[in-house]
Amino acid sequence: MVPFILRSRIALFAFFLMFLIPILEQSLRGLTHLLVCNSDAKTPFTLVVSEKGDPLMASSARLTRDVDPNPCKGLDLNLGARAEGEDRVAITVPISNTTTYGWQGSVRLSLGNTTVPVKIGEIPPKQTREDTIVFQLPRGLHELDGSLLLGP
Amino acid sequence: MSAQALMVPRMSYTAVRRFLLFAGLIGLVLIAGLGYARGVDRLEVIATILFIPVFVALFLWGIKGGVCAGLLAAVAYATLRYPAIQVVGSSRFLGLILSRTVGYVVFGAMGGWAASQLESSLEKLELYDQVDDETKLNNARFFLENTDMEKSRAQRYQTIFSVATVDVPRSALRSLSSRQQQSVLRDLGGMLTSSIRTVDSAVHARDDLRHRFAVILPETGNEGARIFTQRLAHRFGEQLRRRSVNLEADLEFAAMTFPGDETSFSELQGEFEQIDQIEHPEASLLRNTSQAEEEGPEH
């Protein structure tokens, strides 16, 4: 049996140790990595899922005066899309790193009020990493946007 | 001013528990706030906030409460992710939800165990604490238990014992800083320990007016106790003057022997009992609770 004093000390240690769980779950890696930069995708989409045929996709670039179009210099997110069936759309999420440093990246895709985190992970210097995510959409008009989230 | 207000602030186990709960809540809010400020995904910030009810539950209901609240928090997190699961399927979120579930449940179980262990340690301390924090001598509770035992022994075996007391007025130490006061009290404690026999027991307790030093002297008669007390009071006085304590009069002292001085003995025990109740306000409550548990439902 563990002595009383030792047990109390272990309990106190465990009490402080357990706070590492919420800290570690806000990990520096993966979906919840701490951000140093956040920028919107160059190409947001509007998806139209009709009753018959493949979904229609329209893309448009936003031009805003006096606003830096890409605050994450050297890192680009350029969304791509293709139809996968009547109500399915595959969105390709590539992040290109043109810097000489490695970065941790993820993308937050926003479909109306729903956000879908896409983990890209480490993007080595001068390379591109991507992921493809398939959306199953109900009929109607949907606006899809992406935000690039970068951390060290 | 009440006697309790004049005592050194001593945290009861309930106060320690509240303090830990409060500190933990502040910690979790800080972690969530930091995540929010650093731009962590809002849903993940909410996921961190979900640790708060788990933390409260583990404090209130131990491991069971922590684990149950952890599972509920995992369900709440999965519900928050449900709109996204509907759109892209569950496979993308399975790992995330699983890791969150493990996090909540482990947090609840580990915290629940730690909280219940700490609580039982504090309860035990409250019930069995016999050491005076300031002088490392015995405290008022020890005095009560030991004098009761000596009384029983004296009655059973027809023996005698004496108690010597020397009182240092608290007003005399007020000119010193709290650190100096502690040092003086430790000095007196050390002096007392070196002046007594192995079978004797030295006690320090404080009420609202005095620091009370007492020595339980088994197998000692009235005359011996009186001489010992006189010398002790004299040595205490000299030591205090050496430490720049301004004593307006000589220190009060008393010696009483059992059997013989039953009335003054009962009065002294009553005074130490009051001090013990102020020092350990929850101990009697805990004793009653554990007694009721031992007696069971039939009583």
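Residues numbered from 1 in each chain as written. Chains lettered and ligands numbered in written order. Predicted model: local features only at pLDDT ≥ 70, side-chain atom pairs only at ≥ 80, totals over all residues. Heavy atoms only, no water.

## What about the overall build of chain A?
A tally of regular secondary structure across chain A gives two helices and 10 strands. Listing each helix as α and each strand as β along chain A from the N terminus yields α-α-β-β-β-β-β-β-β-β-β-β. Burial statistics for chain A: of 152 residues in total, 43% are counted as buried. Across chain A, every contact between residues at least 6 apart in sequence was considered, and the portion connecting residues at least 24 apart equals 66%. About 8,400 Å² of surface is accessible on chain A, with carbon and sulfur atoms providing 56% of the total. (Helix = DSSP H or I, 4+ residues; strand = E, 2+ residues; numbered from the N terminus. Buried < 20%, exposed > 50% of the residue type's maximum accessible area, 1.4 Å probe, protein only. Contact = heavy atoms within 4.5 Å. Areas by Shrake-Rupley, 256 points an atom, 1.4 Å probe, with all protein chains shown as cover.)

## Things to note about the pairing of strand β7 (residues 103-111) of chain A
All names here are of chain A. Where burial is concerned, most of β7 is hidden: seven out of the nine residues are buried. Relative to strand β8 (residues 114-123), β7 runs antiparallel, the two sharing nine bridges. The partner of arginine 108 across the bridge, within β8, is proline 117. The turn linking β7 back onto β8 is made up of two residues, and glycine 112 within it adopts a positive phi angle of 60 degrees. (Pairing = 2+ DSSP bridges.)

## Thoughts on the pattern of salt bridges
This structure, assessed with the given rule, holds 15 salt bridges over all chains. Close ionic contact of arginine 100 of chain B with glutamate 25 of chain A constitutes a salt bridge, the shortest N to O distance being 2.6 Å. Separated into two different chains, arginine 100 of chain B in helix α5 (residues 91-128) and glutamate 25 of chain A in helix α2 (residues 20-25) make up a pair that spans both. With respect to burial, arginine 100 of chain B and glutamate 25 of chain A carry one shared label: buried. One salt bridge connects aspartate 167 of chain B with arginine 212 of chain B, and the closest N-O pair in it is separated by 3.1 Å. Of this pair, aspartate 167 of chain B sits in strand β1 (residues 161-169) while arginine 212 of chain B is found in strand β3 (residues 210-218), placing the two residues 45 residues apart along the sequence. (Salt bridge = Lys/Arg side-chain N within 4 Å of Asp/Glu carboxyl O.)

## So, the confidence of the model for chain B
Residue and element names in this part refer to chain B. The predicted model of chain B has a mean per-residue pLDDT of 85, with 89% of residues at 70 or higher. Within chain B, no element has a lower average pLDDT than helix α1 (residues 3-6), which sits at 40, and none a higher one than helix α4 (residues 51-88), at 93. Every residue in residues 1-9 is under pLDDT 50, and counting partners more than four places away or in other chains gives 12 contacts. (pLDDT = per-residue confidence, 0-100.)

## Here we look at the nonpolar core
Core analysis: the largest hydrophobic core is formed by 59 residues, its most contacted members being Leu109 and Phe135 of chain A. Of all the elements, α4 of chain B adds the most residues to this core, at 14 residues. By size, the runner-up hydrophobic cluster in this structure holds 26 residues, among which are Ala164, Leu192, Ile196 and Phe228 of chain B. (Core = buried A, V, L, I, M, F, W, Y, C linked by side-chain atoms within 4.5 Å.)

## What to know about empty space enclosed by the protein
All names here are of chain B. What the rule picks out here adds up to two cavities of 30 Å³ or more. Taken as a whole, the largest cavity spans an internal volume of roughly 50 Å³. With four residues, α5 is the largest single contributor of residues to the lining of the largest cavity. (1 Å grid on protein atoms, 1.4 Å probe; cavity = no way out; pocket = protein on both sides within 12 Å on 5 of 7 lines; lining within 4 Å. Points joined across faces, edges and corners; volume = space filled by probe spheres on them.)

## Some remarks on the interface of chain B and chain A
Chain B puts 40 residues into the contact, and the matching count from chain A is 35 residues. For the chain B and chain A pair, buried surface summed over both sides reaches about 3,200 Å², with 70% attributable to carbon and sulfur atoms. On the chain B side of the contact with chain A, Arg38, Val87 and Arg92 of chain B bury the most area, a combined 19% of that side's loss. For the pair chain B and chain A, the interface holds six residue pairs in polar contact (both at pLDDT 80 or more). Here the side of chain B that touches chain A takes 16 residues from α5 of chain B, the largest share from any one element. Per-class residue counts for the side of chain B that touches chain A are 23 nonpolar, 10 polar and seven charged. (Buried area = accessible area lost by both parts, 1.4 Å probe. Polar contact = N/O pair within 3.5 Å; in protein donor to acceptor, adjacent residues only side chain to side chain. Nonpolar A, V, L, I, M, F, W, Y, C, P; charged D, E, K, R; others polar.)

## Things to note about unusual backbone geometry
All names here are of chain B. Omega for the peptide link from phenylalanine 258 to proline 259 comes to -5 degrees, which places this bond in the cis form. As for its placement among the helices and strands, proline 259 is situated in the loop between β4 (252-258) and α10 (262-279). Phi is positive for glutamine 158, which is not a glycine, with a value near 55 degrees. Tracing the backbone shows glutamine 158 in the loop between α6 (140-157) and β1. The exposed category is assigned to glutamine 158, whose relative accessible area is 70%. Even without glycine at this site, serine 244 takes up a positive phi of about 65 degrees.

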